[in-house]
Amino acid sequence: MAKATFRIWRGDAKGGRFEDYTTEVVPGMVVLDAIHEIQATQANDLAVRWNCKAGKCGSCSAEINGLPRLMCMTRLSQLSLDKPVTVEPMRSFPLIKDLATDLSWNFRLKGSIKPFKPRPPDAPDGTWRMDQADVDRVQEFRKCIECFLCQDVCHVLRDHQLFDEFIGPRFLVHAASLEMHPLDIEDRREELRKAQGIGYCNITKCCTKVCPEEIKITDNAIIPLKERVVDQFYDPLARLLRVFRGNRSG
Ligand code: SF4
Ligand code: SF4
Ligand code: FES
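Conventions adopted
- Residues numbered from 1 in each chain as written.
- Chains lettered and ligands numbered in written order.
- Predicted model: local features only at pLDDT ≥ 70, side-chain atom pairs only at ≥ 80, totals over all residues.
- Heavy atoms only, no water.
- Salt bridge = Lys/Arg side-chain N within 4 Å of Asp/Glu carboxyl O.
- Buried < 20%, exposed > 50% of the residue type's maximum accessible area, 1.4 Å probe, protein only.
- Near = heavy atom within 4 Å.
- Helix = DSSP H or I, 4+ residues; strand = E, 2+ residues; numbered from the N terminus.
- Nonpolar A, V, L, I, M, F, W, Y, C, P; charged D, E, K, R; others polar.
- Axes fitted to C-alpha atoms, helices over the stretch in contact; angles between N-to-C directions.
- Parallel < 35°, antiparallel > 145°, perpendicular 65-115°, else oblique.
- Left-handed = near helix turned anticlockwise from the far one by under 90°.
- Contact = heavy atoms within 4.5 Å.
- Pairing = 2+ DSSP bridges.
- Core = buried A, V, L, I, M, F, W, Y, C linked by side-chain atoms within 4.5 Å.
- Domains from an automatic or database assignment.

Caption draft 1: Up close: the pattern of salt bridges. Evaluated as defined, the whole model comprises 22 salt bridges. Salt-bridge contacts for K97 lead to D98; the nearest nitrogen and oxygen are separated by 2.9 Å. Exposure remark for D98: the relative accessible area of 2% places this residue in the buried category. As a salt-bridge pair, D122 and R119 come within 2.5 Å of each other at their nearest N and O atoms.

Take a look at the structure:
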């Protein structure tokens, strides 16, 4: 039976180090299987989050050989096992223990985004009518599993630590799912520009590259949102109309 070595980050907020664990591997295994095997036989106190083992709960996010990925969706056959496979926690978030990070900033942030606000029903039976094309457009954003790999890789958060000024790609996707919803009448553009810092995104597309749901975060969510914000605040005609209406803000 083949063996492979996993170089796993062990530690907590005070500090830590990589430790090597060698375990048997069989065809079809994913990184999470190996972590579970190591946890069961060699490191009972290894902290790791997981839930579905099917790429749907978004719990098992980690950095594998330096790349943000889901452990349950990364097959060992995709990796070179000639040298140790490094497995470390997402580096953009505070470490709790080993592979588990504190993601509470994300959940607090989500609560600050204006919720869905539907227009009044427009059919006699009290329901709404929508174009299928408009429904299809936001459907992509609903695939998000909140793995936060896109937040982890975004340089505005990871390198510049602008957690108080930028909501990150996951929540720009969330804002897009609401802003572009055919029934929604809320206006989130002012917040997107100011408190939520959409201008910090320089559309490098690193977030799109790591999304396990293959959501085209930059092209389909962030760029259309940026266009809406620019239209509202910088479009000369829109600005003139606001002036005529007595609204000189922005
Ligand atoms: S495209 Fe924008 S949100 Fe995505 S990683 Fe780059 S800066 Fe961050
Ligand atoms: S947008 Fe993609 S990468 Fe970001 S949290 Fe959702 S599923 Fe994960
Ligand atoms: S365990 Fe649910 S996404 Fe990996």
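Caption draft 2: Region of the structure containing the site of ligand 1. Surrounding ligand 1, one finds C154, H155, P169, C201, N202, I203, T204, K205, C206, C207, T218 and I222. At the level of secondary structure, the elements contributing two or more residues to the shell around ligand 1 comprise α8 (206–210) and α9 (217–234). The residue makeup of the shell around ligand 1, split by class, is seven nonpolar, four polar and one charged.

Caption draft 3: Here's a closer look at the packing of helix α6 (residues 168–179) against α9. At a minimum axis separation of 9 Å, α6 and α9 run at an interaxial angle of 65°. For the element pair α6 / α9, the angle class is roughly perpendicular. Crossing geometry of α6 relative to α9 is assigned as left-handed. Seen from α6, the contacting residues are P169, L172, V173, A175, A176 and E179; seen from α9, they are I217, A221, I222, L225 and R228. In terms of residue class, the contact of α6 with α9 is made up of nine nonpolar, no polar and two charged.

Caption draft 4: Highlighting the pairing of strand β4 (residues 67–70). Residue alternation in β4 divides its side chains into a buried set, P68 and L70, and an unburied set, L67 and R69. Alignment of strand β3 (residues 61–64) against β4, held across four bridges, turns out to be antiparallel. Its bridge partner being in β4, S61 is matched across the sheet by L70. Connecting β3 to the antiparallel partner β4 that follows it, the hairpin turn spans two residues, and N65 within it adopts a positive phi of roughly 50°.

Caption draft 5: Spotlight on the pairing of β3. The two faces of β3 match: S61 and E63 on one face and A62 and I64 on the other face are all buried. Pairing analysis gives two bridges linking β3 to strand β5 (residues 85–88), with the strands arranged antiparallel. Following the sheet pairing, I64 is matched in β5 by V87.

Caption draft 6: Structural detail: the nonpolar core. Counting 66 residues, the largest nonpolar core has F6, I8, I35, M71 and V87 as its most contacted members. Among the domains, domain 1 (2–101) and domain 2 (104–237) are the pair contributing at least three residues each to this core. Contact partners of V87, with chain neighbours within four places excluded, come to F6, R7, I8, W9, F18, V31, I35, A62, E63, M71 and L99.

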